[in-house]
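Summary of the model geometry
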Amino acid sequence: MAKVALSKRSALMWAGKQAVESDPYNWDDDQSWKLGNEHRFRGIGRDRTDAIIHAARTGSLSVDVSKYLQFDGVLRWSDVLDDIIHGCMSEFIETPYGVLFMDQG
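Fair warning: this is a prediction, and the values are worked out from it, not measured in the lab. (Residues numbered from 1 in each chain as written. Predicted model: local features only at pLDDT ≥ 70, side-chain atom pairs only at ≥ 80, totals over all residues. Heavy atoms only, no water.)

Looking at helix α1 (residues 8–22)
In a regular helix each residue adds 1.5 Å, so 15 residues correspond to 21 Å; α1 covers 21 Å between its end C-alpha atoms and thus fits that length. All of the buried residues along α1 are Ala-11, Leu-12, Met-13, Ala-15, Gly-16, Ala-19 and Val-20. (Helix = DSSP H or I, 4+ residues; strand = E, 2+ residues; numbered from the N terminus. Expected span 1.5 Å × (residues − 1). Buried < 20%, exposed > 50% of the residue type's maximum accessible area, 1.4 Å probe, protein only.)

Spelled out as structure tokens, the structure:
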């Protein structure tokens, strides 16, 4: 994602509009989607990795650092992302306002 002004509120509203358009029987409007899904929000970023870093920094995602640390002390965020995707317990929603990292559980 190119330069984008990250906005949790705008990204959630945009995702809600898309959800309502794709499945209008499930949601009254984009505001009902936002209110019904805001608790699932974990992070936002310019890409998926940036979104999980945001989640970890804000305490929305706990990471077993020892599992992902390289010998030089750098955390392998791409491996964290791979494990999140492998677990199928999250989704990433790309919006014009950033990539939302949403919990499925």
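Thoughts on the environment of Val-65
Among the secondary structure elements, Val-65 is positioned in helix α4 (residues 65–68). For Val-65, a relative accessible area of 39% translates into the label partly exposed. When the C-alpha positions of Val-65 and Arg-76 are compared, they lie 9.2 Å apart, and in sequence the two are eleven residues distant.

Here's the deal with helix α5 (residues 77–87)
Taken together, the buried positions of α5 are Val-80, Leu-81 and Ile-84. End-on view of α5: buried residues confined to an arc of 100°, all on one side of the axis. Buried residues belonging to α5 abut α3 (48–57), α4, β2 (90–95) and β3 (98–103). Note on α5: the residue one or two positions beyond its end, Cys-88, has a positive phi of about 55°. (Arc of directions from axis to C-beta. Contact = heavy atoms within 4.5 Å.)

Points about the packing of aromatic side chains
Counted under the stated rule, the structure contains one aromatic pair. Ring geometry for Phe-92 against Phe-101: centres 5.1 Å apart, planes inclined by 10°, an arrangement best described as stacked. Pair check on accessibility: Phe-92 and Phe-101 agree, each one buried. (Phe/Tyr/Trp six-rings, centres within 6.5 Å; stacked < 30°, edge-to-face > 60°.)

Quick look at the packing of α3 against α5
The geometry of a pair of packed helices is captured by two quantities: the angle between their axes and the separation between those axes. Look at α3 against α5: their axes get within 10 Å of each other, and the N-to-C directions meet at 95°. It follows from the interaxial angle that α3 and α5 lie roughly perpendicular. Taken together, the residues of α5 that come into contact with α3 (itself represented by Arg-48, Thr-49, Ile-52, Ile-53 and Ala-56) are Trp-77, Val-80, Leu-81, Ile-84 and Ile-85. (Axes fitted to C-alpha atoms, helices over the stretch in contact; angles between N-to-C directions. Parallel < 35°, antiparallel > 145°, perpendicular 65-115°, else oblique.)

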